[in-house]
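Residue-level structure breakdown
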Amino acid sequence: MKHQLDFEKPIIELQNKLDELRKHPETHSLGVSFDEEIKQIEKKLEETRRQIFSNLTAWQRVQLARHPKRPYTLDYLARTFTEFHELHGDRLFAEDRAVVGGFARLGDHKVMVIGTQKGRDTKENILRNFGSAHPEGYRKALRLMRLADKFGLPIIALIDTAGAYPGIGAEERHIAEAIAVNLREMTLLETPIIAAVIGEGGSGGALGIGVADRVLILENAYYSVISPEGCAAILWKERSAAAKAAEALRITAKDLFELKLVDEIIPEPLGGAHTDPKQAAEILRQHLLTNLEQLRALPVAERLKLRYEKYRACGPFLEKPLTASEKAAAPRKSSKRAAAPAATMA
Amino acid sequence: MNVSPQPNPPVPSPPTPLPLLPPVSFAKKPVPPDPSEPAVTPPPKDNPTTFVKKPKMAGKPRKREIPEGLWTKCPKCSTMLFDKELDENLKVCSQCQYHFPIGSRERIHSLVETCTFEEMDAQMTSVDALGFTGVATYTSKLEAYQRSTGLKDAVVTGICRIGEHRAALGVMDFGFLGGSMGSVVGEKLTRLIERATEKGLPLIIISTSGGARMYEGMFSLMQMAKTSAALAYHAKARLPYFSILTHPTTAGVMASYATLGDLILAEPGAMIGFAGPRVIKDTTQAELPPGFQTAEFLLERGLIDAIVPRNELKERLITYLGYVTAGRNCSSGLAKS
Ligand SMILES: [Zn+2]
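Residues numbered from 1 in each chain as written. Chains lettered and ligands numbered in written order. Predicted model: local features only at pLDDT ≥ 70, side-chain atom pairs only at ≥ 80, totals over all residues.

What follows covers the overall build of chain A. Of the regular secondary structure elements, chain A holds 15 helices and nine strands. Taken against the 2.2 N^0.38 rule, which gives 20 Å for 346 residues, the C-alpha radius of gyration of chain A at 22 Å falls within 12% of a compact globule. Principal-axis analysis of the C-alpha atoms places the extent of chain A at approximately 80 × 60 × 45 Å. Here chain A holds 346 residues, and the buried ones make up 48% of them. Across chain A, the fraction of contacts at a sequence separation of at least 24, relative to all contacts at a separation of at least 6, is 71%. (Helix = DSSP H or I, 4+ residues; strand = E, 2+ residues; numbered from the N terminus. Rg over C-alpha atoms; globule rule 2.2 N^0.38 Å. Buried ≥ 20, exposed ≤ 12 C-beta atoms within 10 Å, placed from the backbone. Contact = placed C-beta atoms within 7 Å.)

Rendered as structure tokens:
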């Protein structure tokens, strides 16, 4: 089983060497100071890690977001939260295990957590449908969110899905409608909502539980309108152009923050969340708590107004086409910074 | 496949008092979208369809002795249809009721009372905020489609009168980048919905789309949330919203405003769904059931209130508007103003 990415190799090799030294000092000739060697390798490891991880490409981040060892929703539920009481079913058709939800405790706050859940191995993935929800998952999510709203519990949505499931049953039971209704209803829920993209933010399937007062994203997670492979297949006619597509779509946490499409980047331990899930969970906890306390301090009407305006302001456009002279004056390629969203309230 | 089989015959120019209108060249091929991901636009075609727009013949349907236009072959029943008659029948085959694609302008013309359509944001234009370069740049795509369609983007919005009802109307156009939803489509529809909420107007949106527009990345996805949020407040004000699904409506548009209507209507035979059929086939390795993702299929499975042929739509809308405005909320809100 290969649980490493190509660009992780130098790090893993050093790590293995270090482990070896620590485990079997007797295999080394006398007279050599192990401590010194260990120290040197530790230093090299740290440097290598920093070097690799400060220059990740968009595609490398996508790979990290999909890393088979990356912490999933239930891992965060076990570490970031202190209690979790799972609640099941959409009361309409079925229990969709690609979405988990239930009561949880975050610090001193009792909250409702909803999250998409991937499987760690084949058996789990069959149960979780690889983290791709059917309509029932979205309807269960809405049922639980309404329950939370009724009793004043804040909602925390953890997003990690390649997308909603493209299947026959999903179409027959109107997955598009299930997502759309969530988008509309989440707009009006009076309780605070925080969404955090912890791995893959796959298009409508992610947004379907992702309308929130604050949208946070882990440093190596991505959020995209289409998978890089899907985009590559359409535009470059080959899925292997996925790396190019990942770059063009601007789907990394940093890109999305610059474009004002997310509110906050949650840092990960150096080397990615999977290298230190405990620390990753703790960082997430702090960010969720800070945001939750800020949101709770706002009056309901104000929170709803801000939530509406946040989405209202999304998307740049021109009121009318540029004139020829304006075009000539404009830079050839849009600058890295986004055009300020034209947030004109009609 | 549905271009004229015969070369344009030289018209033996009969003495006619009216200046002949240019014949409609109906070279538009109905292209079912095949979004390989949910919420995403289908591959834009390299040569955008040309769609010569013809103003509706004012009044007199004249008897014709000589064919003066082009013929179009119905892709469903293969009948040769005279273009002018096809136009008069709102691009519906008189033999088999096949619904040809129809542009947003013609659609509006077929629904609203004469001269009552006040267009909103007619000049609004997309920008390439991501600096998107694939095989071609987004800007060059936009310019090509603007030239070929005469449209600025994939939706036309405005306030109009239908029968005696004032209404907010948004009509998408598949001819512009596959009807894909980027920031302009999202913004124009959101302004329309907000205007309807503010003025207490019923809202009608006629959709046809391959989904969210890939070239604007996450900005496009957020239009789903933006339009749905505006609809939340329109619904909260207890104002009616009718969503009309036409061929094809898929992906991100389906997963937002298209499925949020108080009434969801569809045109016969329209392809309607979330994921593309090929993606579903590849993912599930299963045979798709007959009629999968058609309007009829979805009516049987409970999504669609009614299937309404195009040439009955206006009347049907007036009837439905009569019902939904008969109750308590509408006396003040829906007054003609
Ligand atoms: Zn026919």
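For chain B, the count of helices and strands is 10 helices and 11 strands. By the burial criterion, 51% of the 337 residues in chain B qualify as buried. Taking the intrachain contacts of chain B between residues at least 6 apart in sequence as the baseline, contacts between residues at least 24 apart amount to 72%.

On to the interface of chain B and chain A. Taken together, the contacts link 63 residues of chain B with 55 residues of chain A. A per-element tally of the side of chain B that touches chain A places helix 5 (residues 217–236) of chain B first, with 15 residues. When grouped by side-chain class, the residues that make up the side of chain B that touches chain A number 33 nonpolar, 21 polar and nine charged. Alignment of strand 9 (residues 317–318) of chain A against strand 4 (residues 125–126) of chain B, held across two bridges, turns out to be antiparallel. (Nonpolar A, V, L, I, M, F, W, Y, C, P; charged D, E, K, R; others polar. Pairing = 2+ DSSP bridges.)

Grouped together as the largest cluster of nonpolar side chains are 168 residues, with contacts concentrated most on Ile114, Met145, Ala157, Ala196 and Ile217 of chain A together with Leu203 of chain B. Grouped together as the second largest cluster of nonpolar side chains are seven residues, Leu81, Leu90, Cys93 and Phe100 of chain B included. (Core = buried A, V, L, I, M, F, W, Y, C linked by C-beta atoms within 7 Å.)

Residues and elements named next belong to chain A. In terms of burial, strand 5 (residues 193–202) is largely enclosed, as 10 of its 10 residues are buried. Relative to strand 5, strand 4 (residues 155–161) is paired through six bridges, and the arrangement is parallel. Bridging from a neighbouring strand, Ile156 pairs with Ile194 of strand 5. Where strand 5 and strand 6 (residues 214–218) come together, four bridges link them in parallel fashion. Within strand 6, the position partnered with Ala195 by the bridge is Val215. In this sheet, strand 7 (residues 222–224) lies alongside strand 5 in parallel orientation, the contact comprising three bridges. Paired with Gly202 across the strands is Ser224, a residue of strand 7.

For chain A, the domain assignment lists domain 1 (7–55) and domain 2 (62–312). Distance between the C-alpha centres of domain 1 of chain A and domain 2 of chain A: 36 Å. (Domains from an automatic or database assignment.)

Here we come to helix 3 (residues 58–65) of chain A. All names here are of chain A. Counting buried positions along helix 3 gives seven out of eight residues, so the element sits mostly inside the fold. The complete set of buried residues in helix 3 reads Ala58, Gln60, Arg61, Val62, Gln63, Leu64 and Ala65. Of the surrounding elements, those touching the buried residues of helix 3 are strand 5, strand 7, helix 10 (228–235) and helix 11 (242–249).

On to the pairing of strand 2 (residues 99–106) of chain A, then. All names here are of chain A. By the bridge criterion, four bridges tie strand 1 (residues 83–86) to strand 2 in an arrangement that is antiparallel. Bridging from a neighbouring strand, Phe84 pairs with Ala104 of strand 2. Across eight bridges, strand 2 lies against strand 3 (residues 109–116) in antiparallel orientation. Bridge assignment links Arg105 to a residue of strand 3, and that residue is Lys110. Connecting the antiparallel pair strand 2 and strand 3 is a turn made up of two residues, with Gly107 showing a positive phi of about 60 degrees.

To continue, consider the packing of helix 10 of chain A against helix 11 of chain A. All names here are of chain A. Where helix 10 contacts helix 11, the axes come no closer than 8 Å and their chain directions differ by 105 degrees. As far as their axial angle goes, helix 11 and helix 10 are roughly perpendicular. For the pair helix 10 and helix 11, the contacting residues are Pro228, Glu229, Cys231, Ala232 and Leu235 in the first and Ala242, Lys244, Ala245, Ala246 and Leu249 in the second. (Axes fitted to C-alpha atoms, helices over the stretch in contact; angles between N-to-C directions. Parallel < 35°, antiparallel > 145°, perpendicular 65-115°, else oblique.)

A few words now on helix 14 (residues 300–312) of chain A. In this model helix 14 of chain A runs 18 Å from its N-terminal to its C-terminal C-alpha over 13 residues, within 8% of the 18 Å that 1.5 Å per residue would give. For helix 14 of chain A, the full list of buried residues reads Arg307, Lys310, Tyr311 and Arg312 of chain A. As for helix 14 of chain A, its buried residues are in contact with helix 8 (175–188) of chain A together with helix 4 (183–199) and helix 5 of chain B. (Expected span 1.5 Å × (residues − 1).)

Another aspect to go through is the environment of Arg139 of chain A. Residue and element names in this part refer to chain A. For Arg139, the location among the structural elements is in helix 6 (residues 135–150). The exposure class assigned to Arg139 is buried, which follows from the 27 C-beta atoms found within 10 Å. Along the backbone, Arg139 and Gly89 are 50 residues apart, and their C-alpha atoms lie at a distance of 8.5 Å. Residues in contact with Arg139, not counting those within four places in the same chain, are Asp90, Leu92 and Ala178.

On to unusual backbone geometry, then. Peptide bonds are trans in most cases, and residues, glycine excluded, mostly fall at negative phi. Pro248 of chain B follows His247 of chain B through a cis peptide bond whose omega is -15 degrees. Within the secondary structure, Pro248 of chain B is located in strand 8 (residues 241–250). A positive phi is found at Arg91 of chain A, a non-glycine position, where the angle reads about 65 degrees. Position of Arg91 of chain A among the secondary structure elements: in the loop between strand 1 and strand 2. Arg91 of chain A gets classed as exposed once you count the C-beta atoms within 10 Å, which come to 9. Even without being a glycine, Lys260 of chain A presents a positive backbone phi close to 60 degrees. Assessed through the 16 C-beta atoms surrounding it within 10 Å, Lys260 of chain A is described here as partly exposed.

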